[in-house]
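# Inside the fold
Take a look at the letters that make up each chain.
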Amino acid sequence: MSVSNPTKLTTFATIWYRKFRSHTYFFAICLLFFQLNLKAQFKRIAVIGSSTATGYGLPGYVSGNNSSAQDSWVNQLKKHYKDEGIIDTIYNIAQSSTDCYMGMPTGYVPPEGRSEPKPNLNITKALSFIPKPDVIIVNYPTNCSDWLTVSEIMNCLRTIYNCAQRQGVKCFITTTQPRNSFSLSERQKLQLLKDSINVQFGMYSIDFWTDIVQLPDLTIKPVYSLGDGVHLNVAGHRSLYQI
């Protein structure tokens, strides 16, 4: 279907949203359909976050080049919706080892012992691109979640989300993911964070937990594990992309 007909796209989006409303990515694209107009046919997405969004450890991965791992969930998302003629750009400024404090807006002063915002990687940077993104996806699955409190992580995510909303940019927050290298109590904390994100952000949350987790021990399903207890393999990224 051509993106030059916003009325038809709006009807198409409404029908398919009702049919596939559990698929958050599809919902994101539905939001883009509703915003289409003749002056701006193609839309843009920005991604901030850590190693999962970079495709760490996947075939072809090169540190510092987020386009290198073609099987990452971000690059699969990019290819699919570029091929569909819906988007023309994904600004992916994720970087390995970052945490939610690093994604906070420039000028934010963190509590003592917490990371400073990273001006080239944070929400301020994501909102500064020209043309401005229409959607921002925030993906901080596990880093520092073993020792940061639930309340401060949620505060960071709310702040990032609100920064985007104030500029008229839709913002989606991914949940936590399971992490084998954490203790049981720390894995249970990741589960609590997953629930908190889903409750707090509702239809603007993306569930990166349910399809990946191995019950009852809350680890990564072996079929999706890269083998280091932290990251996902190609099948894992495909599962995230298909959510």
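We now turn to the structure provided with this report. (Residues numbered from 1 in each chain as written. Predicted model: local features only at pLDDT ≥ 70, side-chain atom pairs only at ≥ 80, totals over all residues. Heavy atoms only, no water.)

## Quick word on the pairing of strand β3 (residues 135–139)
Counted only if it meets this: Partly exposed describes any residue whose relative accessible area lies between the buried limit of under 20% and the exposed limit of over 50%, with all areas from a 1.4 Å probe on protein chains only and scaled to the type maximum. We count a stretch as a helix when DSSP gives it H or I for four or more residues in a row; a strand needs E for two or more, and each element gets its number in order from the N terminus. Here the rule is simple: two strands pair whenever DSSP picks up at least two bridges between them. When the strands point away from the viewer, a crossover counts as right-handed if the route from the first strand across the helix to the second turns clockwise.
Where burial is concerned, most of β3 is hidden: 5 out of the 5 residues are buried. Along β3, one buried face is formed by Val135, Ile137 and Asn139 and the opposite face, lined by Ile136 and Val138, is buried too. Pairing analysis gives 5 bridges linking strand β1 (residues 43–49) to β3, with the strands arranged parallel. The residue of β3 that forms the bridge with Gly49 is Asn139. Relative to strand β4 (residues 170–174), β3 runs parallel, the two sharing 4 bridges. When the bridges of β4 are listed, Ile137 appears paired with Phe172. After leaving β3, the chain enters helix α6 (residues 150–166) and then returns to the sheet as β4, a path that is right-handed.

## Observations regarding helix α4 (residues 73–83)
Inspection of α4 places Trp73, Val74, Asn75, Gln76, Leu77 and Tyr81 among the buried residues, and these make up the whole buried set. One or two residues past the end of α4 sits Gly85, with phi positive at roughly 75 degrees.

## Structural notes on the pattern of salt bridges
Quick reminder of the rule: Just to be clear on terms, a salt bridge is a Lys or Arg side-chain nitrogen sitting within 4 Å of an Asp or Glu carboxyl oxygen.
A full pass over the atoms with the stated rule returns 5 salt bridges. When the shortest N-O distance is used, the salt bridge between Glu152 and Arg114 registers 2.8 Å. One end of the pair, Glu152, is in helix α6; the other, Arg114, is in the loop between β2 (87–92) and α5 (123–128), with 38 residues separating them in the sequence. Residue classification places Glu152 among the buried positions, given a relative accessible area of 9%. Note on Arg114: relative accessible area 24%, which makes it partly exposed. One salt-bridge network, in which partners are shared between bridges, spans Lys43, Arg44 and Asp134.

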